[in-house]
Amino acid sequence: RRDDLDAFVELHIEQGRLLEEGGYHLGVVETITGLRHLRVHVTGRQDHAGTTPMDLRRDALAGAAEMIARLTKAAAAMGRPAVATAGMIAAQPGAINIVPRAAQFTVDTRHPDPARRRALVAEIEGILQEVAARRGLGLQVEQLADHEPTPMAPAIRQVLAAAADAEGLRWLALPSGAGHDSQILAPHVPTALLFVPSRDGRSHCPEEFTPVEQIVPGLRVLARALH
């Protein structure tokens, strides 16, 4: 355990497109988002797809699909920077002519404001329960991760902002929608996070890229701030 560190400052690509679309050179992160990861298990009844009337079905996958549509709509209705994503889904038994008896999907919910995050999580949990009850489906919700938002140290954020001003650069104060090393260090040492733009906001895909001419301003500000 280290007790000789005065600060931790991280330089990273934004992994989004707010900086690029706004014409900013840099982003100074205020807060790293809080998140909750769930795995949702939905159970119904397996039946023949051709002989079972629609009103008699307990279709697990159809129920999961409604849950996903409504929870993503809930995040959209809350507005930026609220997000909710169903990144994985599977159905059993997985045949074209069988009403699925079970479905599983994941939910990634994020918001940098603690109260808004809790409100979104509660709304999503209500959606899952309501859809399952109305459709006569079994429901099990498995929590995989739950992290509160992590604020960055105001004093170091001010140093980064002053360094960006001294370099004559346009910068934006913004939350981070992705987790970072800074999120882990912040509870132990004063921490700050600096972003450079991402081309077209792409990340976690082969198209992720930031040209060197957009990285250099971040290096200049990082060096000045550390100095």
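These figures come from a predicted structure and were not determined experimentally. Along each chain, the written sequence defines residue order, and numbers are assigned to residues from 1. Owing to the predicted nature of the model, reporting of local features is limited to residues with pLDDT of at least 70; listing and counting of side-chain atom pairs is limited to 80 or more, with chain, interface and lining totals taken over all residues. Side-chain measures were taken over the full set of non-hydrogen atoms in the model, leaving aside hydrogen atoms and water.

Undergrad: Go over the side chain of glutamate 167 with me, naming the residues and quoting the values.
TA: Counting through the fold element by element, glutamate 167 comes out in the loop between helix H4 (154-166) and strand S11 (171-176). Reaching out from glutamate 167, the side chain makes a polar contact with the side chain of arginine 220 at a distance of 2.7 Å. Runs of H or I in DSSP of at least four residues are treated as helices and runs of E of at least two as strands, each being numbered from the N terminus. Here a polar contact means two N or O atoms within 3.5 Å. Within protein one must be a hydrogen donor candidate and the other an acceptor candidate, and residues neighboring in sequence count only if both atoms are side-chain atoms.

Undergrad: Kindly report on the pattern of salt bridges, identifying the contributing residues and their values.
TA: For this analysis, a salt bridge means a side-chain nitrogen from Lys or Arg found within 4 Å of a carboxyl oxygen belonging to Asp or Glu. Going through the model one piece at a time under the given rule, you end up with 18 salt bridges. Here glutamate 21 makes a salt bridge to arginine 17, at a shortest N to O gap of 3.4 Å. When accessible area is computed with a 1.4 Å probe and restricted to protein chains, residues below 20% of their type maximum are described as buried, those above 50% as exposed, and intermediate ones as partly exposed. Here glutamate 21 falls in the exposed class, since its relative accessible area comes to 56%. Classification of arginine 17 as partly exposed rests on a relative accessible area of 45%. The partner of arginine 117 in a salt bridge is aspartate 146, and the shortest N-O contact between them spans 2.9 Å. Of the two residues, arginine 117 sits in helix H3 (residues 114-135) while aspartate 146 sits in strand S9 (residues 138-147), which places them 29 residues apart along the sequence.

Undergrad: How would you summarise H3 if you had to cite specific residues and measurements?
TA: Side chains that are three or four residues apart share a direction in an α-helix, a result of its 3.6 residues per turn. By definition here, a helix of n residues has an expected span of 1.5 Å times n minus one. For H3, which comprises 22 residues, the first-to-last C-alpha distance of 32 Å matches the rise-based estimate of 32 Å (1.5 Å per residue) to within 8%. Residues of H3 that are buried include every one of Arg117, Leu120, Val121, Ile124, Ile127, Leu128, Val131 and Ala132, and no others. One face of H3 carries all of its buried residues, which in axial projection span an arc of 115 degrees. Among the exposed residues of H3, those pointing more than 90 degrees away from its buried face are Gln129 and Ala133. Considering only its buried residues, H3 is in contact with strand S3 (34-43), helix H2 (60-78), strand S5 (83-85), strand S8 (102-111) and S9. One side-chain oxygen of the residue at the start of H3 lies 3.2 Å from the amide nitrogen of alanine 115, identifying that residue as aspartate 113. Downstream of H3 by a residue or two, glycine 136 has a phi angle that is positive, lying close to 70 degrees. Taken from the helix axis, the directions to the C-beta atoms give the arc we talk about. Between two residues, a contact is recorded if the distance between any of their heavy atoms is within 4.5 Å.

Undergrad: I'd like a description of the packing of aromatic side chains, backed by residues and values.
TA: Stacked, tilted and edge-to-face are the three classes applied to pairs of Phe, Tyr and Trp rings, where Trp contributes its six-membered ring and a pair requires centres within 6.5 Å; stacked means planes under 30 degrees apart, edge-to-face means over 60, and tilted covers the rest. Throughout the structure, instances matching the rule amount to 0 aromatic pairs. Placement of a charge over a ring requires the Lys NZ or Arg CZ to be within 6 Å of the ring centre, with the centre-to-atom vector within 35 degrees of the ring normal. Residue placement shows arginine 170 over the ring face of tyrosine 24; its charged tip is 4.3 Å from the ring centre.

Undergrad: Account for the environment of valine 83, with residues named and values stated.
TA: Structurally, the position occupied by valine 83 is in strand S5. Note: C-alpha distance between valine 83 and arginine 36 (47 residues apart in sequence) is 11 Å. In contact with valine 83, not counting residues within four places along its chain, are Ala75, Asp108, Thr109, Arg110 and Leu120.

So far we have only geometry, and geometry alone does not tell us how the molecule works.
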